[in-house]
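Residue-level listing of the chains:
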Amino acid sequence: MRVLGIESSCDETGVAVYDAAQGLLAHRVYSQVELHARYGGVVPELASRDHVRKLLPLIQATLDEAGLIPADLDGVAYTAGPGLIGALLVGATVAEGLAFGWGIPAIPVHHLEAHLLATLLEDPAPEFPFVALLVSGGHTMLIDVAAPGAYTVLGNTLDDAAGEAFDKTAKLLGLPYPGGAALAELATRGRAGRFDFPRPMLKKPGLDFSFSGLKTAVMMAVRELEAGDTGLTESDRADIAKDFEQAVVETLVKKSLRALDAAGRERLIVAGGVGANRSLRAELQLATAARGAQVFYPRFELCTDNGAMVAVAGLHRLQAGHVSGGQVQATPRWELASLPAMAGG
Ligand code: KG4
Ligand code: ZN
C-alpha cells in the first residue's frame, strides 16, 4: 500500500510518498521561512498563497523522484488540522481533488498524530506503547500513546510553547525569526551558570508546562545588561542563550521522566521542531539510559513539519478505513484525544 502525504498547515509545504513495505520513497519540503522572516512571524494569508504556488509542482517533483505515476498510489493523505485555516484548505482541496480525479480515497490526518508517528519512519522504530514529548512552535505536550490512534494527553503548556519560548528569546537577543535553531547555535559559544533562570513548574507536581516566567527572567537579564556600561555584548548574548537553553532542556527532560513514571512506560519518543535541539537530544539520551529506558527521535529533517509524517499517519488511517468520503476537511482547532481508535489500538 502506498500513500501520498501532503502537509500545508502552517509555513512548510511538504509532500512525500510512503510505502508500507518499502518505507519512504521520496519526500520534499519547501519552507516559507524567508517569506515570513521580515514580519517576525507567520502571516497566514501569505502562507496560503504560497502553498497555492508551490504545492502542485512539489507533488509532481516528489512523484518524479519516486519514479511513480498516480496509478501507483492507493490514497492521498493531507493535514486536515489543527493549523491555519487558509493554509489547511489549500492542502485539503488539492488532496481531495487529486484523489477524486485519480479514483482513490483521500485521508484527513491530524497534524499532531502525524508528528507522533514520524518516528515510525526510523530504524529501529519504537514499539508501542510509548510516551511522546511533542515540542514544536505551537505545542508542548506529553502524550501517552498506547497504540496508533490511542492517545491520552498527560501534560500541556499553560502559556507559550517551547518553540515559541525559543523564538521569543531569540528575538530578544536580536536573532531573526524563527530563532530556535539560531539560539541553539549561539548557546554553543556560551558559558553555563552565569544566570539563575527559573526551571518552570519543576517544583510543582504534575506534567504541565509554563514558559512565560522564564521568558520574563530572560527579558530582565537582557534589559539590565543593556543598561550597563558595556551594553549587551556578544558573550553576554551567548551566555544568556546557554542558560536559557539549559533551563528549557532540564524542564523538558525532568517532566518527560515523570511522564514515563506516571504512564508506566519504558519508551519515550520526541517529536516536533524543538526535537531537533542537540542539547535536548543529548540530555534525554543520558537521562533515559540512566533508568534503563529508551528514547527515539525522527531524523532532524522529520522533526519539523513535513509530508512524510502525514503519509505514515495517513497509511495507518487508511488501513483502519478512516477516509474522507470526498468531504473536504479543514479543522483549525481539533483535539487529539477526539480521534477515533484504530483497529487493534
Ligand atoms: O514542528 P515545527 O516545525 O512547527 C510547528 O508545528 O510548530 O517546529 C518549529 C519550532 C520553531 O519554534 C523553531 O524555532 C523550533 O521548532 N526549533 C528549534 C530548533 N530547531 C527548530 N528550537 C530549538 N532548537 C533547535 N535546534
Ligand atoms: Zn508541526
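Our subject is the structure that appears above.
Model, not experiment: these values are computed from the prediction.

How each quantity is defined
- Residues numbered from 1 in each chain as written.
- Chains lettered and ligands numbered in written order.
- Predicted model: local features only at pLDDT ≥ 70, side-chain atom pairs only at ≥ 80, totals over all residues.
- Heavy atoms only, no water.
- Helix = DSSP H or I, 4+ residues; strand = E, 2+ residues; numbered from the N terminus.
- Rg over C-alpha atoms; globule rule 2.2 N^0.38 Å.
- Contact = heavy atoms within 4.5 Å.
- Areas by Shrake-Rupley, 256 points an atom, 1.4 Å probe, with all protein chains shown as cover.
- Lys, Arg positive; Asp, Glu negative; His and termini not counted.
- Charge placed at Lys NZ, Arg CZ, Asp CG, Glu CD.
- Patch = residues over 30% accessible without salt bridge, like charges linked within 9 Å, V, L, I, M, F, W, Y side chains within 5 Å.
- Salt bridge = Lys/Arg side-chain N within 4 Å of Asp/Glu carboxyl O.
- Buried < 20%, exposed > 50% of the residue type's maximum accessible area, 1.4 Å probe, protein only.
- Donors = N, O, S within 2.8 Å, 3.2 Å for Na, K, Ca; no water.
- Tetrahedral: all angles 85-135°; square planar, octahedral: opposite > 155°, others 65-115°.
- Near = heavy atom within 4 Å.
- Polar contact = N/O pair within 3.5 Å; in protein donor to acceptor, adjacent residues only side chain to side chain.
- Nonpolar A, V, L, I, M, F, W, Y, C, P; charged D, E, K, R; others polar.
- Domains from an automatic or database assignment.
- Axes fitted to C-alpha atoms, helices over the stretch in contact; angles between N-to-C directions.
- Parallel < 35°, antiparallel > 145°, perpendicular 65-115°, else oblique.
- Pairing = 2+ DSSP bridges.

## Structural notes on the overall build of the protein
In terms of regular secondary structure, the protein is built from 10 helices and 10 strands. The C-alpha radius of gyration of the protein comes to 20 Å, within 12% of the 20 Å expected for a compact globule of 345 residues. The principal-axis extent of the C-alpha atoms belonging to the protein is close to 70 × 45 × 30 Å. A fraction of 72% describes how many contacts in the protein between residues 6 or more apart in sequence connect residues 24 or more apart. Only carbon and sulfur atoms are counted for the fraction: they give 53% of the accessible area of the protein, which is about 14500 Å². The average position of the 29 basic charges and that of the 39 acidic charges among the side chains of the protein differ by 4 Å.

## Things to note about a nonpolar patch on the surface
A surface patch of nonpolar side chains, amounting to about 220 Å² of accessible area, comprises Ile85, Leu89 and Val328. Along the polypeptide, valine 328 turns up in the segment after helix H10 (307-319). Residue valine 328 is classed as partly exposed on the basis of its relative accessible area of 40%.

## Describing the coordination of the zinc ion (ligand 2)
Under perfect tetrahedral coordination by four donors, a metal shows angles of 109.5 degrees; under perfect octahedral coordination by six donors, it shows angles of 90 or 180 degrees. Of the protein atoms, only His111 (NE2), His115 (NE2) and Asp305 (OD) coordinate the zinc ion (ligand 2), at distances of 2.1 to 2.2 Å. Considering all four donor atoms around the zinc ion (ligand 2), angles at the metal cover 93 to 143° and the coordination shape is irregular. Donor residues binding the zinc ion (ligand 2) come from one chain and are separated in sequence as H-x3-H-x189-D. Note that histidine 111 and histidine 115 are positioned in helix H4 (residues 111-117) at a spacing of four residues, about one turn of the helix. According to the relative accessible area criterion, histidine 111 is buried, its value standing at 7%. Assessed through its relative accessible area of 2%, histidine 115 is described here as buried.

## A few points about the site of ligand 1
In the vicinity of ligand 1, 18 residues are found, and the nearest of them are Gly137, Asp167, Gly180, Gly273 and Asn277. Taking glycine 273, its main chain carries an N or O atom lying 3.0 Å from an oxygen atom of ligand 1. Note that an oxygen atom of ligand 1 is positioned 3.2 Å from one of the backbone N or O atoms of aspartate 305. The protein chains hide 86% of the 560 Å² of surface that ligand 1 would expose on its own. Those elements giving two or more residues to the shell around ligand 1 turn out to be H4, helix H5 (162-172) and helix H6 (180-187). The leading source of residues in the shell around ligand 1 is H5, at three residues. Among the residues forming the shell around ligand 1, the class breakdown is five nonpolar, 11 polar and two charged. Split by domain, the shell around ligand 1 shows at least three residues from each of two domains, domain 1 (2-118 + 304-338) and domain 2 (128-297).

## Some words on the packing of H5 against helix H7 (residues 212-227)
Angle between the axes and distance between the axes: these two values describe a pair of packed helices. Closest axis-to-axis distance for the H5/H7 pair is 10 Å, and the angle between their directions is 10°. With respect to their mutual orientation, H5 and H7 come out roughly parallel. Facing H5, whose interface residues are Lys168, Thr169 and Leu172, H7 presents Lys215, Val218, Met219 and Val222. In terms of residue class, the contact of H5 with H7 is built from four nonpolar, one polar and two charged.

## With respect to the sheet that holds strand S5 (residues 106-110)
Taken together, the five strands give an open sheet; going across it, the order is S3-S2-S1-S4-S5, and neighbouring strands pair in mixed fashion. Each edge of the open sheet carries a strand with a single partner, namely strand S3 (23-31) and S5. Mean inter-strand twist for the sheet, computed between neighbouring axes without regard to direction, equals 20°. Two strands pair when backbone bridges link them, and strand S1 (residues 2-7) and strand S4 (residues 75-81) are joined in this way by four bridges, in the parallel orientation. By the bridge assignment for S4, leucine 4 is matched with valine 76. Where helix H3 (residues 85-102) meets the sheet, its contacts fall on S1, S4 and S5, and the angle it forms with S4 comes to roughly 160°.

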